[in-house]
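# Survey of secondary and tertiary structure
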Amino acid sequence: MAAIRFSSNSDATRIEAEVVDAFLNAMASADTDAAAEFIDPAPFGGAIDALSADARRAYTRGLARKANWRRLAGSAPRKIRDNLWQAGPSQRPVTLTLQPKSDFIFISQIAF
């Protein structure tokens with residue numbers, strides 16, 4: 001699993017930034033399988049298993065068709081507040097909501 005682990009003594013902002021950056025880079029390079037690893041499994045059955053992984057991969061393939069993710073390559077994501085990040089131009093940002101779960105942070109919502 002590509003998700004980035006954290007612990008109670010980790011810098012939460014740094015970990016959030018790593019998750020957002022890794023997801024955006026995967027989407028910008030059309031690596032939807034890698035991007036799927038960062039998607040919250042809760043809406044896809046909740047378990048981190050093969051069925052959930054297949055569903056999250058299908059979801060990121062759909063996301064890839066909805067937006068020009070390459071425009072976000074190299075853009076510096078901006079933290080808006082805890083668990084909320086934006087990337088891309090300010091007039092058309094992509095907004096990512098993060099969901100901490102035990103010792104992982106997943107992306108739970110994406111708005112264009």
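The following paragraphs examine the structure supplied in this document.

Rules of the game
- Residues numbered from 1 in each chain as written.
- Predicted model: local features only at pLDDT ≥ 70, side-chain atom pairs only at ≥ 80, totals over all residues.
- Heavy atoms only, no water.
- Core = buried A, V, L, I, M, F, W, Y, C linked by side-chain atoms within 4.5 Å.
- Buried < 20%, exposed > 50% of the residue type's maximum accessible area, 1.4 Å probe, protein only.
- Helix = DSSP H or I, 4+ residues; strand = E, 2+ residues; numbered from the N terminus.
- Contact = heavy atoms within 4.5 Å.
- Expected span 1.5 Å × (residues − 1).
- Salt bridge = Lys/Arg side-chain N within 4 Å of Asp/Glu carboxyl O.

## Quick word on the nonpolar core
Ranked by internal contacts, the top residues of the largest apolar core, which has 21 residues, are Phe-23, Leu-24, Trp-69, Leu-96, Ile-107 and Ile-110. Elements represented by at least two residues in this core include exactly α1 (12–28), β2 (84–87), β3 (94–101) and β4 (104–111). Tallying contributions element by element places α1 first for this core, with seven residues. When residues no more than four places from it in sequence are discounted, the contact partners of Leu-24 are Trp-69, Leu-72, Pro-77, Ala-87 and Leu-96.

## A word on helix α3 (residues 50–66)
For α3, with 17 residues, the first-to-last C-alpha span of 25 Å sits near the 24 Å given by 1.5 Å per residue. By the burial criterion, the buried members of α3 are Ser-52, Ala-53, Arg-56, Thr-60, Gly-62 and Leu-63. Of the surrounding elements, those touching the buried residues of α3 are α1, α2 (32–36) and β4.

## A short note on the pattern of salt bridges
Where charged atoms from two side chains of opposite charge come close, those side chains can pair. Tallied over the full model, the rule gives five salt bridges. For Glu-18, the salt bridge identified is with Arg-14, shortest N-O distance 2.4 Å. Linking Glu-18 with Arg-14, this pair stays in helix α1, spanning four residues, or about one helical turn. When the shortest N-O distance is used, the salt bridge between Asp-54 and Arg-57 registers 2.4 Å. Residue Asp-54 and its partner Arg-57 are located together in helix α3, separated by three residues, close to a single helical turn. Given the relative accessible area of 41%, Asp-54 is considered partly exposed. Classification of Arg-57 by relative accessible area gives partly exposed; the value is 23%. Salt bridges sharing partners connect three or more residues here, namely Glu-16, Lys-79 and Asp-82.

That is the geometry; function is a separate question.
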